[in-house]
Structures are given as C-alpha cells and as structure tokens.
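Observations on the three-dimensional arrangement
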Amino acid sequence: METLSTEKSFDGVQGVYRHAASQTACDMTFAVYMPPQAEAGPVPVLWYLSGLTCTHANVMEKGEYRRVAAELGLAIIAPDTSPRGAEVPDEPDNWQFGSGAGFYVDASEAPYETHYRMYSYIRDELPALVGDAFNLDMSRQGIFGHSMGGHGALVMALRNPDRFRSASAFAPIVNPSTADLSSSAFTRYLGSDQAAWRAYDAVSLVEDGHSFPEILIDQGDADSFLKLGLRPWLLETAVAGTKTELTLRMQPGYGHSYYFISSFMEDHLRWHAARL
C-alpha cells in the first residue's frame, strides 16, 4: 500500500492511499479518515460508497464528515467507485457505464469480468487490507453511500448482515434492475438473464428473503433523478411486513448534490455511531 497524502484534520488524519488490487486487476485508490481516538485503541469503521462519476475524493472534499467523525471516534473509509487504468474497458463518453460507474457488482460478461469486481473488492479485499494497516475494530462496521453508492451500501448490508451493524443511504437507487440510471449497465456487466441481477438489487433481495434490522434513507423531493432512477417508495413497499425497519425521510427542496448530502451527513454519522 502506497501513501499518496496525509493531512491533519480535527486532530485526526485524512489520508489517501493506493494499492494493487487483485479483484479488479488494477491499482485502486481510496481515502481513510482516522479520528484522534485511534491513537488510544481500535475504532469502529464506517464505509462510504460514492455515486456515478465520482471517486473517493467527492465525499472527502465535499461531504463535511470529519468534525463529527472526530467527535464520535469513527473511521471513515471511502473507496473508489470502479476500476481505472489504460487496461480497463471503458466508455469515456458514457457517464452511466465504465469508469466511475462500477455499480458495485461482480461482472460476469466479457470484457468486463476481469476488472469490474467491485462487490468482492469492497466486501473482501479492501477490508482485509485496511484491517491490517490501520487501528480499526473490524467487529464494528457500518456502511452508507449516495445514489449508485447508496445502492451498493444497501446491497452490501442486505447480503452481509453479519458483517455490518448499521446501514443508511442518501438518495439510493433501490431497484436498479428497472431504473433508467442502471438497467443498461446491468445488462452489460451481468448479462441478459435478469435472475442474475437480483443479487445486486435491494428491492429484489428483500423480496427474496434478505433482511437488515434498520435502514435509514434520506431523499430530497426536488431530486431530478427521483421518479425515474431512485424511487425509494419501492423499497418501502418491499420491506412492509418484513424484519427490516426502514426510516425513509423525504427532505423538502433538496436535490441530488453534495449540498444535500452534507446537510444530513451529521444525522447519518450519529445514526451509525449509536449502532456501532
């Protein structure tokens, strides 16, 4: 693992790192904020998954999480959203596919199956790396994310309830199999058999019997992607009568940007801290 930068912030350390990842067969960059409490002992871990077109840097620069994370003693880990590099298949003019749009799936279709393995990278490889490199309590992990990353966070939580103690999302794509933002990418990453898509779709996972104790979702009602891409009410319907307790908060006047995310970041950090 290579250290690209470190900066002191709220008595903790914001770092950016790079390593050669086996799951994605390329170098991957990620950010870690270690709160000051890590100097005294292991701290709980909160994973943040970013959305379409983003990298680790978006939440690091605009998410406004460090003050509260330092107060609560939370480590914040922000992976990249997809593999990158000259050898990685990409469509630079398509913001909904390829670089920046890995959708946190393990692709099964050529030529994407070698590099686009973000599900296994986030679930297995990166936790093993940071667990060895930083003073983290890996028995206390939570996960959240935005848009495509909110989709990834919900899928990770629903499929790995023994790994994560808490889960939340900002404006997640809850039913990517049928959403304009994602269905085309699912076809190309996972093939035309939509039965394979269900493992990466929060609504489908709930319908198939997966559950998670509590989920918090914040959604702006002025979000331009709300009706065609996000549709959180589909998850609300799916969890009705199940073991999953969903708190869905529609926030008046808010859109899809980091102005929205940063407005409710503190709420989400405190939600996770109470459960971690």
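Report follows, based on the coordinates. Starting afresh in each chain, residues are numbered from 1 along the sequence in its written order. In keeping with the model being predicted, local features are shown solely for residues with a pLDDT of at least 70 and side-chain atom pairs are shown and tallied solely at 80 or more, while totals for entire chains, interfaces and linings include all residues. As a rule here, side-chain values cover all heavy atoms of the structure and leave hydrogens and water aside.

Brief notes about the overall build of the chain
Helix and strand labels come from DSSP, where a helix needs a run of H or I of at least four residues and a strand needs a run of E of at least two; each type is numbered from the N terminus. Summing up its helical and strand segments, the chain has nine helices and nine strands in all. For the radius of gyration, the atom set is restricted to C-alpha positions; the globular benchmark scales as 2.2 Å times the number of residues to the power 0.38. For 276 residues, the compact-globule estimate of 2.2 N^0.38 gives 19 Å, and the C-alpha radius of gyration of the chain, at 17 Å, lies within 12% of that figure. Projected onto its principal axes, the C-alpha coordinates of the chain cover approximately 50 × 45 × 35 Å. Only protein chains enter the accessibility calculation, which uses a 1.4 Å probe; a residue whose area is less than 20% of its type maximum is buried, one above 50% is exposed, and one in between is partly exposed. A burial count over the chain gives 58% of its 276 residues as buried. Across the chain, contacts joining residues at least 24 apart in sequence account for 73% of those joining residues at least 6 apart. Carbon and sulfur atoms make up 47% of the accessible area of the chain, which amounts to about 10800 Å² in all. Once the 20 positive and 34 negative side-chain charges of the chain are each reduced to a mean point, those two points are 4 Å apart. Should any heavy atoms of two residues lie within 4.5 Å, those residues are counted as being in contact. The Shrake-Rupley method, run with a 1.4 Å probe, gives the accessible areas here. Residue values count only the displayed protein chains as cover. The sign given to each residue is positive for Lys and Arg and negative for Asp and Glu; His and the chain ends receive no count. A single reference atom marks each charge: NZ on Lys, CZ on Arg, CG on Asp, CD on Glu.

Some remarks on the environment of Glu109
Residue position: Glu109 is located in the loop between β5 (75-79) and α3 (118-133). Take Glu109: its relative accessible area is 30%, and that puts it in the partly exposed class. Taking the C-alpha atoms as reference, Glu109 lies 6.1 Å from Gly191; in sequence the two are 82 residues apart. In this structure, Glu109 is in contact with Thr187, Arg188, Tyr189, Leu190 and Gly191, ignoring residues within four places of it in sequence.

As for the sheet that holds strand β8 (residues 214-220)
Following DSSP output, two strands are said to pair if at least two bridges run between them. Taking strand neighbours across the sheet as the criterion, the nine strands line up as β1-β2-β3-β5-β4-β6-β7-β8-β9 in an open arrangement whose pairing is mixed. Each edge of the sheet is formed by a strand with only one pairing partner; in this case those strands are β1 (2-9) and β9 (245-251). Taking each pair of neighbouring strands and ignoring which way they run, the sheet shows an average axis angle of 20°. Summarising the sheet, strand β4 (residues 43-49) and strand β6 (residues 136-146) pair through six bridges and their orientation is parallel. Residue pairing across strands places Trp47 opposite Ile143, the latter belonging to β6. Where helices are involved, their axes are fitted lines through C-alpha atoms of the stretch in contact, as for all axes, and angles between N-to-C directions lie from 0 to 180°. In the packing of helix α4 (residues 148-159) onto the sheet, contacts are made with β4, β6, β7 (166-170) and β8, and the angle to β6 comes to roughly 140°. Packing of helix α9 (residues 258-275) onto the sheet brings it into contact with β4, β5, β6, β7, β8 and β9, and relative to β7 it is tilted by some 170°.

What to know about the side chain of Asn160
Relative to the helices and strands, Asn160 is located in the loop between α4 and β7. Asn160 gets classed as buried once you look at its relative accessible area, which sits at 13%.

Some details on the packing of aromatic side chains
Ring pairs (aromatic) are described by centroid distance and by the angle formed between their planes. Centres within 6.5 Å are what make two rings of Phe, Tyr or Trp a pair, Trp counting through its six-membered ring; a difference in plane orientation under 30 degrees is then read as stacked, over 60 as edge-to-face, and the rest as tilted. By the definition in use, this model includes 18 aromatic pairs. Judged by centre distance (6.0 Å) and plane angle (50°), the ring pair of Phe144 and Phe170 falls under tilted. Within this pair, whereas Phe144 is found in strand β6, its partner Phe170 is found in strand β7, the two being separated by 26 residues in sequence. The buried category is assigned to Phe144, whose relative accessible area is 1%. Through pairs of rings, three or more aromatic residues link up here, namely Tyr48, Phe144, Phe170, Tyr254, Phe260 and Phe264. Geometrically, a charge over a ring is one whose NZ (Lys) or CZ (Arg) sits within 6 Å of the ring centre while staying within 35 degrees of the ring normal. For Arg159, the ring lying beneath its charged end belongs to Tyr119, and the centroid distance is 4.1 Å. A cation over an aromatic ring shows up here: Arg188 above the ring of Phe97, its NZ or CZ 4.0 Å from the ring centre.

Some points on the nonpolar core
Note on terminology: a nonpolar core comprises buried Ala, Val, Leu, Ile, Met, Phe, Trp, Tyr and Cys residues joined through side-chain atoms within 4.5 Å. Counting 89 residues, the largest nonpolar core has Phe103, Leu136, Ile143, Tyr189, Leu235, Met265 and Leu269 as the members making the most contacts within it. Apart from the residues lying within four places of it in its own chain, the contact partners of Phe103 are Leu52, Thr81, Gln96, Met148, His151, Ile173, Leu181, Ser182, Ala185, Phe186 and Tyr189.

Digging into the pattern of salt bridges
By definition, a salt bridge exists where a carboxyl oxygen of Asp or Glu is found within 4 Å of a side-chain nitrogen of Lys or Arg. For the structure shown, the criterion picks out 15 salt bridges. For Glu214, the salt bridge is made with Arg275, and the minimal N-O distance between the two is 3.1 Å. With a gap of 61 residues between them, Glu214 in strand β8 and Arg275 in helix α9 connect regions that are remote in the sequence. The salt bridge partner of Arg249 is Asp218, with a shortest N-O separation of 2.7 Å. Pair noted here: Arg249 is in strand β9 and Asp218 is in strand β8, with a separation of 31 residues, a long-range link. Using a relative accessible area of 27% as the deciding quantity, one classes Arg249 as partly exposed. Residue Asp218 is classed as buried on the basis of its relative accessible area of 0%. A single salt-bridge network, built from bridges that share partners, covers Arg67, Glu71, Glu266 and Arg270.

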